[in-house]
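# Reading the structure
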Amino acid sequence: MRKLPIKFFLLLITFYILHCILYVSVHASETDIGYSRITPASPFYFLKTIREDLELKLAGTPHVKLIRELEFATVRIREVRSLVAVNQDLIVPTLENYQAILKNISQEPDLDTHIAVLMQVYDNASNLNAKMAIRSSLNKLILREDVSKASKLSICNLFYREASSSSLNQTEKFVLLGRAQKCQNSNK
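Heads up: these notes are all about the structure in this document. Given the structure is predicted, the values throughout are model-derived calculations rather than measurements.

### What to know about the nonpolar core
Residues Ile91, Leu95, Tyr98, Leu118, Ile134, Leu138 and Leu141 are the most contacted members of the largest nonpolar core, which totals 37 residues. For this core, the secondary structure elements donating two or more residues are helix 3 (62-86), helix 4 (91-104), helix 5 (112-124), helix 6 (128-142), helix 7 (149-163) and helix 8 (170-186). At 7 residues, the largest contribution of residues to this core is made by helix 3. Contact partners of Leu138, with chain neighbours within four places excluded, come to Ile115, Leu118, Met119, Ile155, Leu158 and Phe159.

### Quick notes on the layout of surface pockets
Rolling a probe over the atoms, with the probe sized like a water molecule, indicates the empty space that remains. There is about 200 Å³ of room inside the second largest pocket. Lining the second largest pocket we find Tyr45, Thr49, Glu52, Asp53, Leu56, Glu69, Phe72, Arg76, Asn97, Ile101 and Asn104. Elements that contribute at least two residues to the lining of the second largest pocket include exactly helix 2 (45-57), helix 3 and helix 4. Ranked by the residues each element gives to the lining of the second largest pocket, the list is headed by helix 2, at 5 residues.

### Considering the pattern of salt bridges
Applying the stated criterion across every chain, the model contains 10 salt bridges. Across the salt bridge formed by Asp146 and Arg144, the nearest N and O atoms sit 2.8 Å from each other.

### Some thoughts on a nonpolar patch on the surface
A surface patch of nonpolar side chains, amounting to about 520 Å² of accessible area, comprises Phe44, Phe46, Ile50, Leu54 and Leu58. Considering the arrangement of structural elements, one finds Leu58 in the loop between helix 2 and helix 3. Judged by its relative accessible area of 65%, Leu58 falls in the exposed class.

### Remarks on the packing of aromatic side chains
Within this structure, the stated rule accounts for 0 aromatic pairs. If you follow Arg81 out to its NZ or CZ, it ends over the ring of Tyr35, 4.4 Å from the centre.

### Some remarks on the packing of helix 4 against helix 6
Running from amino to carboxyl end, helix 4 crosses helix 6 at an angle of 15°, the nearest separation of the two axes being 9 Å. Taken together, helix 4 and helix 6 sit at an angle that is classed as roughly parallel. Once helix 4 is placed against helix 6, the crossing between them reads as left-handed. Between helix 4, through Ile91, Val92, Leu95, Tyr98, Gln99 and Leu102, and helix 6, the contact on the second element is made entirely by Asn129, Ala130, Ala133, Ile134, Ser137, Lys140 and Leu141. Considered class by class, the residues forming the contact of helix 4 with helix 6 number 9 nonpolar, 3 polar and 1 charged.

### A short note on helix 8
A rise of 1.5 Å per residue sets the reference length of helix 8, with its 17 residues, at 24 Å; its end C-alpha atoms lie 24 Å apart and thus fit the reference within 8%. Of all the residues in helix 8, the buried ones are Glu172, Lys173, Leu176, Ala180 and Cys183. Down the axis of helix 8, the buried set is contained in an arc of 95°. They therefore lie on one face. Turned more than 90 degrees away from the buried face of helix 8, the exposed residues are Gln170, Thr171, Phe174, Lys182, Asn185 and Ser186. On its buried face, helix 8 sits against helix 6 and helix 7. One side-chain oxygen at the N-terminal end of helix 8 lies 3.1 Å from the backbone nitrogen of Thr171; it belongs to Asn169.

Conventions adopted
- Residue positions are given per chain, counting from 1 as you read along its sequence in written order.
- Owing to the predicted nature of the model, reporting of local features is limited to residues with pLDDT of at least 70; listing and counting of side-chain atom pairs is limited to 80 or more, with chain, interface and lining totals taken over all residues.
- Side-chain metrics in this entry use all non-hydrogen atoms of the structure; hydrogen atoms and water are not considered.
- We define a nonpolar core as any set of buried Ala, Val, Leu, Ile, Met, Phe, Trp, Tyr and Cys residues linked to one another through side-chain atoms lying within 4.5 Å.
- Burial status follows relative accessibility: with a 1.4 Å probe on protein chains alone, a residue under 20% of its type maximum counts as buried, one over 50% as exposed, and anything between as partly exposed.
- Secondary structure is summarised from DSSP: a helix means a run of H or I of at least four residues, a strand means a run of E of at least two, and numbering begins at the N terminus for each.
- Here a residue-residue contact requires only that any non-hydrogen atoms of the pair lie within 4.5 Å.
- Throughout, the protein atoms alone are placed on a 1 Å grid, and a set of points is a cavity if a 1.4 Å probe fits but cannot get out or a pocket if it is open with protein on both sides within 12 Å along at least five of seven lines; lining residues have an atom within 4 Å of a point.
- Grid points are joined across faces, edges and corners, and a volume is the space filled by probe spheres set on the points.
- Any Lys or Arg side-chain nitrogen found within 4 Å of a carboxyl oxygen on Asp or Glu counts as a salt bridge.
- Patch members must show over 30% relative accessible area and no salt bridge, and they are joined within 9 Å when carrying like charges or within 5 Å when they are nonpolar side chains of Val, Leu, Ile, Met, Phe, Trp or Tyr.
- The accessible surface values rely on the Shrake-Rupley method and a 1.4 Å probe; as for residues, cover is taken only from the protein chains in view.
- Between rings of Phe, Tyr and Trp, where Trp is taken as its six-membered ring, a pair exists when centres lie within 6.5 Å; planes separated by under 30 degrees are stacked, by over 60 edge-to-face, and by other angles tilted.
- In this analysis the charged atom, NZ for Lys or CZ for Arg, is taken to sit over a ring once it is within 6 Å of the ring centre and within 35 degrees of the ring normal.
- Angles here are taken between N-to-C directions and fall from 0 to 180 degrees, while the axes themselves are lines fitted to C-alpha atoms, restricted in helices to the stretch in contact.
- Working definition: roughly parallel below 35 degrees, roughly antiparallel above 145 degrees, roughly perpendicular at 65 to 115 degrees, and oblique for all remaining angles.
- The sense of a crossing depends on the near helix, which, turned anticlockwise from the far helix by less than a right angle, makes the crossing left-handed and, turned clockwise, makes it right-handed.
- Polar here means any residue outside two lists: the nonpolar Ala, Val, Leu, Ile, Met, Phe, Trp, Tyr, Cys and Pro, and the charged Asp, Glu, Lys and Arg; Gly therefore counts as polar.
- Helices are assigned an expected span. That span is 1.5 Å times one less than the residue count.
- Regarding the arc, it is the one traced by the directions from the helix axis to the C-beta atoms.
- Definition of a polar contact: a pair of N or O atoms within 3.5 Å, with one able to donate and the other able to accept a hydrogen when the atoms are protein atoms, and with sequence-neighbouring residues admitted only if both atoms are side-chain atoms.

What follows is the structure, given as structure tokens:
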């Protein structure tokens, strides 16, 4: 009878320690959401995913679950930002996880900050696959109703700029120019 409370107490302490280790406190401006200490490049990343899974499973109400999902979407953007300096190859799967989280969110999140950070990351990234994944994510974001007109226009401008870039092949330039024109027309 006495073993159950001790095990429960140890589990709570372990969860608290993991939470303190993996939680990143951010005190920043709107467009500076901070960096992630533990990224998918870290051997301890599995602890972060376990913690997130537990938090979602232990969410008592749909509202708490929604708050956690919004938080995890921001965490994925922080990870992408941190991966620019660590391992740009991991940006692609991290953005796929980000998009999967956004599909589950029923409430309209504030995505303007995410867009601003993704655009900063895009300018700092050198990996062509990472840049392509960021462009793809930005394209998905401009299709959402909950993105401000100003953010959509900044994405359109990025697409126009990149459509004239010499680093892209003709097909990519054509696709980006089409996206930019479509974006521009839908924001009039």
